[in-house]
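Letter by letter, the chains look like this.
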Number of protein chains: 2
Amino acid sequence: MRHFTVELEELNQKLLQMGGLVESAIHRSVRALLEQDRELAEEVIRDEPKINKMEMEIDGLVTRLLALRQPVARDLRDILASIKIASDIERIGDLAANVAKRAIALNQSAPVRPVAAVPRMGKLAQQAIKDVIDAYVEQDAQKAIAVWQRDDDLDDLTSSLFRELLTYMMEDPRSISPCAHLLFIAKNIERIGDHATNIAETVHFLVLGYRPTTARPKGDTSSYEVVEPPEGEAPATGKAPLGKSAAGQD
Amino acid sequence: MRHFTVELEELNQKLLQMGGLVESAIHRSVRALLEQDRELAEEVIRDEPKINKMEMEIDGLVTRLLALRQPVARDLRDILASIKIASDIERIGDLAANVAKRAIALNQSAPVRPVAAVPRMGKLAQQAIKDVIDAYVEQDAQKAIAVWQRDDDLDDLTSSLFRELLTYMMEDPRSISPCAHLLFIAKNIERIGDHATNIAETVHFLVLGYRPTTARPKGDTSSYEVVEPPEGEAPATGKAPLGKSAAGQD
């Protein structure tokens, strides 16, 4: 089984490498947004197919491993987990690329103030990916559960940024288009955190044989908050009254 | 191998059942939105864990199948494909539940006009899921590629609804919160279509051994469109000028 161990190691290495690529993609897409750096954003978009290609390589490696080694028990679960984890990482790559696309669109206009909240969200998402992939490689369920619990911080940042953006849109109709891009950028980063959470659940299940049971408090409540237009800014039309804030997680 | 065939059949049946559940979830969440039916929306949210549970059952069945039957070649690829497909269906269930959550928030306020475009998007998404799961069960690559190509229609509907929503938000600050919910509802339905596209690629690869090659034209261009506020509605402040439209796909 010596050679089998080497193949499992190769699988882990590929997952680590894939994780490194998406961490960098998140970092660069957020920087491209802040520094209005179109070239950097285009670089992130160009790199995305590499991440997709790595997922296919991992799927191919897994298929070969299963066919040739016919592993059972823990080895089998470990190998199947890597398919799921690679799929989450691939989607994270898509989301980072979409942040880069929207950064390019946003950079056509003057910066809007709420952008300032994005880098902190990007850092949290990057750290979550790093930690959860380490948790997989180290088979550390505690580290996985910590990532799973920390996702609330990202949810909370998203919700407060959403409220800020909606208020900002109400103050100035010309900020509506750029702020709508920012709504989706924030949502993309929050969804990156959700994928890290999926990976944490996969690792927890792999190591302990069951999924995390403590219900993780979701940031959903913000779906029901009211965001009022600032005094005197709402034209007295008979149109739709103010609804609820658009925050809230998938 | 008679019994193995029965187990594969069971796997297909579970995927069909899961697909039926998310089709119904999409249908009901859109109806809940249109008819402002809070109970129906809550029903969709309550049903979501059933879909997650089915994914875990499929994973368990796959693990048993691989351990006991140690399939190779086409059988192995078929079984691995079902893990990926179940994961896409599970995410579709999350997205439908999020549409239902936002429907509840939206129903707190008077209906906004652009809601009218949503049912057509919901129908397209539902049909895509039905067709692509049939394509898997019938191992029909042509049917899969048709779903893959039709996703453009959903992308186009999303882009035009986005432009409509942004214009509507510019006309009336009080519509900004409900319209922001609608932006995300539209995005969720568009992402449901993307997951159907993922499944189509999985089926194509399974049946023909390679991924669809014709690059599917993405609706991305709309990320670069300008949406102007209507004449005389933009206060002459020194704030951020109008950016680009917020449409655009992951």
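See the structure above.
**Q** I would appreciate a short explanation of the packing of helix H3 (residues 73–106) of chain A against helix H3 (residues 73–106) of chain B in the present structure.
**A** For any two helices packed against each other, the geometry is given by the interaxial angle and the distance between the axes. Orientation of H3 of chain A relative to H3 of chain B, taken along the N-to-C sense of each, is 45°, at an axis distance of 11 Å. Between H3 of chain A and H3 of chain B, the crossing angle belongs to the class labelled oblique. Note on packing geometry: the crossing formed by H3 of chain A with H3 of chain B is right-handed. Between H3 of chain A, through Leu-80, Ile-83, Lys-84, Ser-87, Asp-88 and Arg-91 of chain A, and H3 of chain B, the contact on the second element is made entirely by Leu-80, Ile-83, Lys-84, Ser-87, Asp-88 and Arg-91 of chain B. Within the contact of H3 of chain A with H3 of chain B, the residues separate by chemical class into 4 nonpolar, 2 polar and 6 charged.

**Q** Can you help me understand the pattern of salt bridges in this one?
**A** Note that side chains of opposite charge can pair when their charged atoms are close. Taken as a whole and judged by the stated rule, the model has 34 salt bridges over all chains. A salt bridge links Lys-53 of chain A to Glu-57 of chain A; the shortest N-O distance between them is 2.8 Å. With Lys-53 of chain A and Glu-57 of chain A both in helix H2 (residues 38–69), this residue pair falls 4 residues apart, about one helical turn. When the shortest N-O distance is used, the salt bridge between Asp-47 of chain B and Arg-28 of chain B registers 3.0 Å. Placement of the pair is Asp-47 of chain B in helix H2 (residues 38–69) and Arg-28 of chain B in helix H1 (residues 2–34), with a sequence separation of 19 residues. Residue classification places Asp-47 of chain B among the buried residues on the basis of a relative accessible area of 18%. Residue classification places Arg-28 of chain B among the buried positions, given a relative accessible area of 12%. By sharing partners, the salt bridges in this structure join Arg-28, Glu-43, Asp-47 and Lys-50 of chain A into a single network.

**Q** Can you walk me through helix H6 (residues 176–208) of chain B in this structure?
**A** Every α-helical turn comprises 3.6 residues, leaving residues that sit three or four positions apart pointing alike. With 33 residues, H6 of chain B extends 47 Å between its outermost C-alpha atoms, agreeing within 8% with the 48 Å of an ideal straight helix rising 1.5 Å per residue. Counting buried residues in H6 of chain B gives 28 out of 33 residues, a clear majority hidden from the surface.

**Q** What should I look at first to understand empty space enclosed by the protein in this one?
**A** Take a probe with the size of a water molecule and roll it over the atoms, and the empty space left behind shows itself. Tallied over the entire structure, the rule returns 3 cavities of 30 Å³ or more. Space inside the largest cavity adds up to approximately 90 Å³. As for the largest cavity, its lining consists of Leu-124, Ala-125, Ala-128, Val-147, Arg-150, Asp-151, Leu-154, Gly-193, Ala-196 and Thr-197 of chain A. Every element with two or more residues in the lining of the largest cavity is listed here: helix H4 (118–137), helix H5 (141–171) and helix H6 (176–208) of chain A. No other element matches the 4 residues that H5 of chain A contributes to the lining of the largest cavity. For the lining of the largest cavity, the class distribution of residues is 6 nonpolar, 2 polar and 2 charged. Each pocket or cavity is described by its volume, and for the second largest cavity that value is around 70 Å³. Looking at the lining of the second largest cavity, the elements with two or more residues in it are helix H4 (118–137), helix H5 (141–171) and H6 of chain B. Per-class residue counts for the lining of the second largest cavity are 4 nonpolar, 2 polar and 3 charged.

About the thresholds
Residues numbered from 1 in each chain as written. Chains lettered and ligands numbered in written order. Predicted model: local features only at pLDDT ≥ 70, side-chain atom pairs only at ≥ 80, totals over all residues. Heavy atoms only, no water. Axes fitted to C-alpha atoms, helices over the stretch in contact; angles between N-to-C directions. Helix = DSSP H or I, 4+ residues; strand = E, 2+ residues; numbered from the N terminus. Parallel < 35°, antiparallel > 145°, perpendicular 65-115°, else oblique. Left-handed = near helix turned anticlockwise from the far one by under 90°. Contact = heavy atoms within 4.5 Å. Nonpolar A, V, L, I, M, F, W, Y, C, P; charged D, E, K, R; others polar. Salt bridge = Lys/Arg side-chain N within 4 Å of Asp/Glu carboxyl O. Buried < 20%, exposed > 50% of the residue type's maximum accessible area, 1.4 Å probe, protein only. Expected span 1.5 Å × (residues − 1). 1 Å grid on protein atoms, 1.4 Å probe; cavity = no way out; pocket = protein on both sides within 12 Å on 5 of 7 lines; lining within 4 Å. Points joined across faces, edges and corners; volume = space filled by probe spheres on them.

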